[in-house]
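Structural description and commentary
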2 protein chains.
Amino acid sequence: MRTLFRNGRIINVFTDTVQETNVLIDGERIIGVGAYSCEDADSVVDVSGKVICPGLIDGHIHIESTMLNPAEFVRACLPHGTTTVIADPHEIANVSGLYGIGYMIETSRKLPMTVYYVVPSCVPATEFDESGGVLNAQDIAVLFNDPYVIGLGEMMNFPGVISGVPDVMAKIGAAHKAGKLINGHAPMISGAELDRYIAAGIFDDHECSTIEEALERLNKGQWIMIRQGTAARDLEALLPLFEEPLSRRCLLVTDDKHPADLLHNGHIDSIIRQAVQKGAPVLTAVRMATLQAAQRFGLNDLGAIAPGYQADLLILDDLETMRVKDVYRRGVKVVTDGQTLPFADPQIRPDIWKTVRNSVMLRKLDSAMFHIEPGRGPCRVIRVIPDQLITKEYRTELDLTENNGVDTEKDIIKLAVIERHVDSGHIGLGYITGLGIRKGAIASSVSHDSHNLIVAGVTDEDMTVAANHIREIGGGLAVVCDGRVLADMPLPIAGLMGLGTASEMAEQNRKVREAAAGLGSAPGIEPFMNLAFVSLPVIPDIKMTTQGLVDVNAWKRVPLFADNADKA
Amino acid sequence: MRTLFRNGRIINVFTDTVQETNVLIDGERIIGVGAYSCEDADSVVDVSGKVICPGLIDGHIHIESTMLNPAEFVRACLPHGTTTVIADPHEIANVSGLYGIGYMIETSRKLPMTVYYVVPSCVPATEFDESGGVLNAQDIAVLFNDPYVIGLGEMMNFPGVISGVPDVMAKIGAAHKAGKLINGHAPMISGAELDRYIAAGIFDDHECSTIEEALERLNKGQWIMIRQGTAARDLEALLPLFEEPLSRRCLLVTDDKHPADLLHNGHIDSIIRQAVQKGAPVLTAVRMATLQAAQRFGLNDLGAIAPGYQADLLILDDLETMRVKDVYRRGVKVVTDGQTLPFADPQIRPDIWKTVRNSVMLRKLDSAMFHIEPGRGPCRVIRVIPDQLITKEYRTELDLTENNGVDTEKDIIKLAVIERHVDSGHIGLGYITGLGIRKGAIASSVSHDSHNLIVAGVTDEDMTVAANHIREIGGGLAVVCDGRVLADMPLPIAGLMGLGTASEMAEQNRKVREAAAGLGSAPGIEPFMNLAFVSLPVIPDIKMTTQGLVDVNAWKRVPLFADNADKA
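First, a word on what this report is: a plain description of the structure on this page.

Definitions and cut-offs
- Residues numbered from 1 in each chain as written.
- Chains lettered and ligands numbered in written order.
- Predicted model: local features only at pLDDT ≥ 70, side-chain atom pairs only at ≥ 80, totals over all residues.
- Heavy atoms only, no water.
- Helix = DSSP H or I, 4+ residues; strand = E, 2+ residues; numbered from the N terminus.
- Buried < 20%, exposed > 50% of the residue type's maximum accessible area, 1.4 Å probe, protein only.
- Contact = heavy atoms within 4.5 Å.
- Areas by Shrake-Rupley, 256 points an atom, 1.4 Å probe, with all protein chains shown as cover.
- Lys, Arg positive; Asp, Glu negative; His and termini not counted.
- Charge placed at Lys NZ, Arg CZ, Asp CG, Glu CD.
- Axes fitted to C-alpha atoms, helices over the stretch in contact; angles between N-to-C directions.
- Parallel < 35°, antiparallel > 145°, perpendicular 65-115°, else oblique.
- Left-handed = near helix turned anticlockwise from the far one by under 90°.
- Nonpolar A, V, L, I, M, F, W, Y, C, P; charged D, E, K, R; others polar.
- Phe/Tyr/Trp six-rings, centres within 6.5 Å; stacked < 30°, edge-to-face > 60°.
- Salt bridge = Lys/Arg side-chain N within 4 Å of Asp/Glu carboxyl O.
- Least-squares fit on C-alpha atoms with pLDDT ≥ 70 in both.
- Pairing = 2+ DSSP bridges.

**Examining the overall build of chain A**
- Of the regular secondary structure elements, chain A holds 14 helices and 28 strands.
- When its C-alpha atoms are laid out on the principal axes, chain A stretches across 85 × 50 × 45 Å.
- The buried share among the 568 residues of chain A stands at 63%.
- Across chain A, contacts joining residues at least 24 apart in sequence account for 68% of those joining residues at least 6 apart.
- Accessible surface for chain A amounts to roughly 19700 Å². Of this, 50% is attributable to carbon and sulfur atoms.
- For chain A, the centre of its 52 positive side-chain charges and the centre of its 73 negative side-chain charges are spaced 2 Å apart.

**Points about the packing of helix α9 (residues 268-277) of chain A against helix α10 (residues 282-296) of chain A**
Residue and element names in this part refer to chain A.
- The geometry of α9 relative to α10 is characterised by a closest axis approach of 9 Å and an angle of 150° between their N-to-C directions. Relative to α10, the element α9 lies roughly antiparallel. In this structure, the crossing between α9 and α10 has a hand that is right-handed. Along the contact surface, α9 presents Ile268, Ile272 and Val276, while α10 presents Val282, Ala285, Val286 and Ala289.
- Broken down by class, the residue content of the contact of α9 with α10 amounts to seven nonpolar, no polar and no charged.

**Looking at the packing of aromatic side chains**
Residue and element names in this part refer to chain A.
- Tallying each qualifying case throughout the model produces twelve aromatic pairs over all chains.
- Between the aromatic rings of Phe14 and Tyr309, the centroid separation amounts to 6.0 Å while the plane-to-plane angle is 75°, which identifies the pairing as edge-to-face. Placement of the pair is Phe14 in the loop between β1 (2-12) and β2 (17-26) and Tyr309 in the loop between α10 and β14 (313-316), with a sequence separation of 295 residues.
- Accessibility expressed as a relative area gives 1% for Phe14, which makes it buried.
- On the accessibility criterion, Tyr309 (3% relative accessible area) is buried.
- Pairing Tyr103 with Trp353 gives two aromatic rings, centres 5.9 Å apart and planes at 20°, and the pair type is stacked. Of this pair, Tyr103 sits in helix α2 (residues 90-108) while Trp353 is found in helix α11 (residues 350-357), placing the two residues 250 residues apart along the sequence.
- Given a relative accessible area of 1%, Tyr103 falls into the buried group.

**Observations regarding the pattern of salt bridges**
- Counted by the stated rule, this structure contains 69 salt bridges over all chains.
- The partner of Asp261(B) in a salt bridge is Lys257(B), with the nearest N and O atoms 3.0 Å apart. Per residue, the accessibility class of Asp261(B) equals that of Lys257(B), and both read buried.
- The partner of Glu409(B) in a salt bridge is Arg438(B), with the nearest N and O atoms 3.6 Å apart. Separated by 29 residues along the polypeptide, Glu409(B) in the loop between β19 (391-396) and β20 (412-418) and Arg438(B) in the loop between β21 (427-433) and β22 (441-444) bring together distant segments of the chain.
- Given a relative accessible area of 65%, Glu409(B) falls into the exposed group.
- Here the salt bridges do not stand alone but share partners, grouping Asp16(A), Glu244(A), Arg287(A) and Arg248(B) into one network.

**Looking at the relation of the copies chain A and chain B**
- Its rotation angle being 180°, the transformation that places chain A on chain B also includes 0.0 Å of axial translation and leaves an RMSD of 0.0 Å. This pairing of chains is accounted for by a two-fold axis. For chain A, the minimum C-alpha distance to the rotation axis belongs to Gly298(A) and amounts to 3.4 Å.
- When the interface residues of chain A are mapped onto chain B, 100% of them are again interface residues, pointing to one common binding face.

**Quick notes on the pairing of strand β12 (residues 223-227) of chain A**
Residues and elements named next belong to chain A.
- Within β12, five of the five residues are buried, which leaves the element mostly enclosed by the surrounding structure.
- Burial along β12 is two-sided: the face carrying Trp223, Met225 and Arg227 and the face carrying Ile224 and Ile226 are both buried.
- Of the pairings in the sheet, the one linking strand β11 (residues 204-205) to β12 comprises two bridges and is parallel in character. Bridged to Asp205 within β12 is Ile224.

**Here we look at the sheet that holds strand β24 (residues 476-481) of chain A**
All names here are of chain A.
- Reading across the sheet, the eight strands line up as β19-β18-β21-β20-β23-β22-β24-β25 and stay open at both edges, with mixed pairing between neighbours. The open sheet has two edge strands with one neighbour each: β19 (391-396) and β25 (484-490). The sheet shows a mean angle of 25° between the axes of neighbouring strands, direction not considered.
- Looking at chain direction, strand β20 (residues 412-418) and strand β21 (residues 427-433) are connected through seven bridges and run antiparallel. Residue pairing for β21: Ile418 is matched across the bridge by Ile427.
- Contacting β22 (441-444), β24 and β25, helix α13 (residues 502-518) crosses the sheet at an angle of about 145° to β25.
- The strands that helix α14 (residues 527-534) touches are β18 (379-384), β20, β21, β22, β23 (453-457) and β24; relative to β22, the one it contacts most, it runs at about 55°.

Have a look at this one:
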C-alpha cells in the first residue's frame, strides 16, 4: 500500500533545509523523496503549503510522572507530534519490580508510538529505601534481551560510579557486555570526578542546569539532553547549545511532565516552540528532537524524512509554530486535525495486571499508629523550601502533650511515611514545616523513589482517614478534612498511574491540588509535589523514610529527637 | 597502569576546537581530560607543543588491494595514524570463501589496530563469474555472529536491489535481522532508482565522483564516504562537502590503496593533508576521519579524545601537516618517531593457512591450451581505454593462420582467463588491444572479482611460461619474454597478498611494472592494473571470463567471432 504526500515542504534534518517535494511511503516505510506522481501510489495526500516534519523523539521521560498509563500517554502525546520516546520506568520498577517494567513494555509494544525502554539502574534508590522492587545486575542483564530495551537508565548513583562500588559497576558491566548504552544523571560534579563518571561509559546527561555544566560535559563527549519538563526547566540556561557546532551533540527531553502541562502546553513540540521564541533556529531545534535523538540511541531508521526511514511524519500548518495537524506513524494516520484517532487498549497479561493493580499492600490503619512518643532534646523538623526539592532541618523544642506536638500557629504538622509494598508495618513519623497546611490531612502513594504512602496532617484522625482512603482506592492522592474526603485522584496502577484520559487526569489533579490549597497554603509550595520528594533520601538535607529520618549529607539515619540514641 | 600526557594541544572533535590540556589514560582507555598532574599517573609523557589527535579511521578499505597481508598492512598504516579500519574482504572471499574471510578476521584480532569487517555481499560478483568462494545469505548470517563483523559489505548489485532479486534481498534481510548496517555502492543511479536502493536500508555510499551525486545521496540520508584511493580519487570533486552543515554526514575512506602509494603518500592522514591543501578546514577533515567514521559504524568509544574512549592517540608535531610522530593504540605505544614498533606476527590456524596458501589450483599448462580456433565473421577484440576501467568492443577481421591472430603492428595480442580455483580446465580465450605490449607475456592472479588467472601475450609459449610461473609461485604477477621470467611478484596468500613488508612489496611491484613496460607500452595504460579489470563483468562494455566473452551492457555471453552461434 503506497501513499504519496504531494507538494509538501519537507524538513531535511541532514542539511538543515526545507525542500518542496513529494514523499512516497510503502506500508511502514518511506521509500522515496522526490519527483513522484500519483501514478506511483495507491493513494495521494495533498499537503500543498504544509510542512512535513519527522516524528519527534523524547530521549528521556518517565511516563509514570504524567500519571497516565502508557495507552493514555500515547493518546495525549501523539497530537503533539511525538512518535518515539525512550522511557525510563524507574518509578513503577520501585513499586512493582520486574512486573512493573513488564507492564510498561508489554503495554507499549502495540501502541501507535515507538516506545523504547532503558532499565532503571538504581532500584531501590538508596540503602535507606524500602521499595517494592529490587533490580540487581542479573535482573538487568535478563531485561537487556528484550528488543525494546536499549540501555541502562540514568545512573543516579554517581558517587557509586566514582568510587567504583561493585554492585554499581556490575550493572554498568552488564550494559557494556550487552552492547547497551548508559544514560547519565550526575548534576554538579565536574573535573576529575566527572571524568571518572563518564569514563564508565556514561555518554549522556540530562541534568545540566547551567551552560558551564553543559559545556564541560559536551567537551568531554557526552550528548547533552536539554531538559524542559514541568518542574525542571533548563532550556533558558542552555540556549547557547543551539549554536554551531555545539548543537550537533544535543537532544531535547522532558524527563518529567505533569498531565495538565502535557495537555495544555504540549510535549517536545512545546520545547521547540519555546526554543524558537527564545531565538533558537527552528531547524536546529527540530534536528535535535529527531535525527540527533535517534543517533544518540543508535536508532538508524528514525528521525528523518528519507528513504528507508520509518514513515513517522508530522503534517504541520507551518514551521514556526510547530502546530501539528496530522500525524502518521509507521505510515498509519494516527492523528487527524489535532485529534488522536481511536485505537484499541492493549491486552495486559493477567498476572502482570494483577500485580500492578494491587500495589498498596497495607493493613487498615488505626489513628494510634500516628502517635509520636516524646524523646530527649530538640526535635528535627523537616522544613520544605519554596520552589525547591531540597529540605532543611529545623530544630525546635516540641511539647508533645499538646496535640502530640502539632502546632499550626508555628506551621508544624505531622508527617508519616508508611511502607506499602509488603505491609511490614514500618512507619516513619515526624514533623514538617513550611507546607502551610492548617487543617485536615493529605496523603499520596506518589513519593519518590520508593513510592511508599506519605501522609501529612494536623490530626491523627484525618491522617488515618486519608491513608485508609488511599488504601481503599488502591493508590493515588487524597485530601481529607474533619474525617471527610474532600477530593481524591485514584492512581490504581502501581499507585502511580490512573485509568483516565489526560484531560480527566488533569482535572482530577486540579481538584486535589485545589482541595489541598484549601487546607492552607504557603507561597511557592505545591503540597503534593513537595511531599513527593520529602521521602527521597538523595536530595539534601533531611528526608523521611519508612524507618524514620535520614540526614542526607551525613548519609545516615538520625533520631527524631536530637538527644535520643542514633538509629543508624 | 596510568599514563599522563602532559601539556598537549588536544583536538576536540565534539566542538571543532584545539584545547591545551592533559590527557590521562588507564590501560586501554582514556579516563580523564583536564587539570591532571604527575601525581595522578604512574608515568608521564610530556607532549608540550605537540598536538594530540584521535586515531584515524578508514571507513572502507579492501586490505587485499594493498597486496599486504593484514600484519604488514598494519605495520604500514600505523605510522600514518590509522588505528581503526573497516575492511571488506571481498577479494579473498572470492578466492577462498569463508576460509578467506576467516583468515582476515583471525589474523587481525590481535594486531595493534582495531580491524572491523563487513561481510562481502556479492560473492561471486555475477552469474558469469567462476569464483573460488560463494557466499549466500545463510553464510552471511553465520558470519554476523562474529563480534568483529559489523555489517554487510558494499552492495554492488544495485540492479538486484532495485528489482528486488530474492537472493539479494535475503542477504539484506539477514543484515537487518542481525542489526547490522549495510554499505552502499551504487554509482550513477539517481531519483526513484536511488530511492529504492537506499530504502533497502543502505545508508552510505563511497562511489560518489561528482558533487551532484553526493548531494543527492546526502539529502536522502546516506553518509557520504569521500573516497581518495590510489586509482579512484574523488576528493577534489567532493570538496564542497567540507562545508557546514554537509560535513557532519561525511567520512574519509580509501577503498583501494596500492603498496607504494600507502608507503610514500600515506593513508587517511594523506587525505586530510590533501583536503587541507585544497582549502578544507583541518578540524573538519579530522572530525570526518575520526568521530564521524565511528558514528557511522556505531562505534561509540572510538574517534575522540574523551573519558571512556579507547586510548587511540596520535602525537603530531603540528596540526597542519598531520605528520604523525608517535602513535598509542589502546594505550600502548605502537609507533615511535614515525617507526612502527615490532610486534609478533599472528598465529594462523593451520587449516586456514593451508587453504589460503594453496589457492592456485591449476594443472600444469601447455601452450596448446592457448590456441584459438577460427570462427565465422569478425572477431570481438577487447579494447582497453587509457585511464579508465571500462572497455570497448573492437570488431575486426582476423587472420588466424598468421600467429594465431596476434598482430603486434595493430596492437592486437592474445588474452586468456583461466579458472584457477577448482582446476576445471575452463579457459576464456580472445584478443585484446590497447595494452601496447609488443613482445612476451604478462600474467596475474589478481583479476577482479573472481581472481582467476589472467594472461596477455604475444606468443602462446610466453603466455604458457608466465601462467605456469604464477602456478609455481602460488599466485602473483609475472612478466615473461622469450621463455624467460623477467620479473615476478609472488602473492602466495590467495594469489592476492604477499609475505613481505610494504617496502619490499612496493619494490617488487615497481619491478614487475617496469618489466611489463619494457614489453611495450601505451599512454595512460598500466598493464597489470588494466588487466585486473578486464575480467570483471560489471564494468561496461565487454569483458573476458573463464568461459569467454561477456557483453556487459546486454548482460550475456557472446561468442568471440560475431557470427558464431551465441554461447548464452
